Amino acid sequence: MKAPHSALCVEEAEDTVKELREALAEAGITLPSLGIDPVSLAREAPCPLVELGRCSVETARRLAAVLR
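All figures in this text were calculated on a predicted structure; none of them were measured in a lab.

### Observations concerning the environment of Leu-63
Among the structural elements, Leu-63 can be located in helix α2 (residues 57-67). Every residue in contact with Leu-63, bar those within four places of it in the chain, is listed here: Leu-24 and Ile-29.

Below you can see the structure in the form of structure tokens.
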């Protein structure tokens, strides 16, 4: 039962990363390191975390502006 659930969690995380990447692109923002945190996949039953990664100060400002 764990494997199908884990596969669904990973698939959901991948879809979410894609959706976030597209939404950010529409706002003119790129987070180069955006992806799934590989360490969170190393568990017996993976529970993926989304890694937003590093970005420039300008990108952080633009992201803050969009969120406001």
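The rest of the description comes next.
### Concerning the environment of Gly-35
Its place among the elements puts Gly-35 in strand β1 (residues 35-36). Sequence spacing of Gly-35 and Val-17 is 18 residues, and the spatial spacing of their C-alpha atoms is 6.1 Å.

### What to know about the nonpolar core
Core analysis: the largest hydrophobic core is formed by five residues, namely Val-17, Leu-24, Ile-29, Leu-31 and Leu-34. Sequence-distant contacts of Leu-34, that is, excluding residues within four places in its chain, are made with Val-17, Leu-20, Arg-21, Leu-24, Val-50, Glu-51 and Leu-52.

### Details of a negative patch on the surface
Among the surface-exposed residues, Glu-11, Glu-12, Glu-14, Asp-15, Glu-19, Glu-22 and Glu-26 lie close enough to one another that they form a single negatively charged patch. Structurally, Glu-19 can be placed in helix α1 (residues 2-26).

### Considerations on the side chain of Ser-40
Note that Ser-40 resides in the loop between β1 and β2 (50-51). You can call Ser-40 buried: its relative accessible area is 8%. At a separation of 2.9 Å, a polar atom in the side chain of Ser-40 contacts the main-chain amide nitrogen of Leu-49. When neighbours within four sequence positions are excluded, Ser-40 is seen to be in contact with Pro-46, Cys-47, Pro-48 and Leu-49.

### A word on the side chain of Asp-37
Mapped onto the fold, Asp-37 is located in the loop between β1 and β2. Arg-43 is the oppositely charged side chain nearest to the buried, salt-bridge-free Asp-37, at an N-O distance of 9.9 Å. With residues up to four places along the chain from it excluded, the contact list for Asp-37 reads Leu-49 and Glu-51.

### Remarks on the environment of Leu-41
Its place among the elements puts Leu-41 in the loop between β1 and β2. The class for Leu-41 is partly exposed, based on a relative accessible area of 33%. Between the C-alpha atoms of Leu-41 and Ser-6, which are 35 residues apart in sequence, the distance is 9.3 Å. With sequence-adjacent residues up to four places away left out, Leu-41 is seen in contact with Val-10, Ile-36, Pro-46 and Pro-48.

What counts, and where the lines are drawn
- Residues numbered from 1 in each chain as written.
- Predicted model: local features only at pLDDT ≥ 70, side-chain atom pairs only at ≥ 80, totals over all residues.
- Heavy atoms only, no water.
- Helix = DSSP H or I, 4+ residues; strand = E, 2+ residues; numbered from the N terminus.
- Contact = heavy atoms within 4.5 Å.
- Core = buried A, V, L, I, M, F, W, Y, C linked by side-chain atoms within 4.5 Å.
- Buried < 20%, exposed > 50% of the residue type's maximum accessible area, 1.4 Å probe, protein only.
- Patch = residues over 30% accessible without salt bridge, like charges linked within 9 Å, V, L, I, M, F, W, Y side chains within 5 Å.
- Areas by Shrake-Rupley, 256 points an atom, 1.4 Å probe, with all protein chains shown as cover.
- Salt bridge = Lys/Arg side-chain N within 4 Å of Asp/Glu carboxyl O.
- Lys, Arg positive; Asp, Glu negative; His and termini not counted.
- Charge placed at Lys NZ, Arg CZ, Asp CG, Glu CD.
- Polar contact = N/O pair within 3.5 Å; in protein donor to acceptor, adjacent residues only side chain to side chain.

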